[in-house]
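Survey of secondary and tertiary structure
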Amino acid sequence: MRQFVFMTGALTVICATPATASVLGDLADECMAAIEAGDDAAFSAAADAIRSRDDVFDTSARKRAEACLSQGFGEPWEYWYPSEDWEPSSAIQARMTSTAEAKAKTAAEAAEAEAARTSNAAQVAELVYRSCGTLLARDEVAAMTNALCVESFLTNGLPGSAAP
C-alpha cells in the first residue's frame, strides 16, 4: 500500500491506495478469466461482485469491467453515473429516451397552456373593448370614469376612431 498525506491547514488527511490494481480492476480480471475459461458460475459471481461496486473512478478498471459484463451478457453494459449503477446500455438509452420524451411532452403542454392563456386574454380584451364601446355610446360619463374602459381605450383607441 502507498500512503498519501495531504495537509490543509489544521486538517491532515492520510489516504491509502493499493500499490497495484484497484478492487474493481481485480474483479474485471477475474470476470474475463471466467469468460475465457467458460465458467458460467465464476462469471456470474464476478459479474455480481462488479455490479455491487461503485468505486468506478479508475477509468481503466471501469472500462475493463464494462467490457467483461458486455461480453458475458452478450450486450453492451456500462456504469451509469446518474443512477450510480451498472446497467445494460439499452436500458440506459431507453431511460434517456423516456426522459427526453417526457420533457418534450411537458414543454408541449406548457406551450399549449400558454397559447390558451394568450388566446383567452385576447378574447377577454376584445369583449371588454366592445362592452366599453357599447357603454360609451350609451353613457359617455360612465364609460370614461370606468378604469377598465379607460385602460382598454388607451390601449386600443376609442371605438370608431383611428388607432391610438
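The preceding data block contains the structure.
The model shown is predicted, which means the values in this text are computed figures rather than measured ones.

Let us look at the packing of helix α1 (residues 23-37) against helix α2 (residues 40-51). Two elements in contact, α1 and α2, have axes whose closest approach is 8 Å; the angle formed by their N-to-C orientations is 155°. By the criterion of interaxial angle, the relationship of α1 to α2 is roughly antiparallel. At the point where α1 passes α2, the crossing takes the left-handed sense. Together, Leu24, Leu27, Ala28, Glu30, Cys31, Ala34 and Ile35 of α1 and Ala42, Phe43, Ala46, Ala49 and Ile50 of α2 make up the contact between the two elements.

Next up on the list: the pairing of strand β3 (residues 77-80). Regular strands place side chains that alternate from one sheet face to the opposite one. Bridge count for β3 against strand β4 (residues 85-88) is four bridges, and the pairing is antiparallel. If you follow Tyr79 over to β4, its bridge partner there is Trp86. Where β3 folds back on β4, the antiparallel hairpin that results is connected by four residues, among which Glu84 adopts a positive phi of roughly 50°.

Before going further, it helps to examine the pattern of salt bridges. Per the stated rule, a full pass over the model turns up five salt bridges. Of the charged contacts, one joins Glu66 and Arg62 as a salt bridge, the two residues approaching to 3.7 Å between their closest N and O atoms. Of the two residues, Glu66 and Arg62 both sit in helix α3 (residues 59-73), four residues apart, roughly one turn of that helix. Judged by relative accessible area, Glu66 falls into the buried class, the value being 10%.

Conventions adopted
- Residues numbered from 1 in each chain as written.
- Predicted model: local features only at pLDDT ≥ 70, side-chain atom pairs only at ≥ 80, totals over all residues.
- Heavy atoms only, no water.
- Axes fitted to C-alpha atoms, helices over the stretch in contact; angles between N-to-C directions.
- Helix = DSSP H or I, 4+ residues; strand = E, 2+ residues; numbered from the N terminus.
- Parallel < 35°, antiparallel > 145°, perpendicular 65-115°, else oblique.
- Left-handed = near helix turned anticlockwise from the far one by under 90°.
- Contact = heavy atoms within 4.5 Å.
- Pairing = 2+ DSSP bridges.
- Salt bridge = Lys/Arg side-chain N within 4 Å of Asp/Glu carboxyl O.
- Buried < 20%, exposed > 50% of the residue type's maximum accessible area, 1.4 Å probe, protein only.

Function cannot be read off these values alone, since they describe shape.
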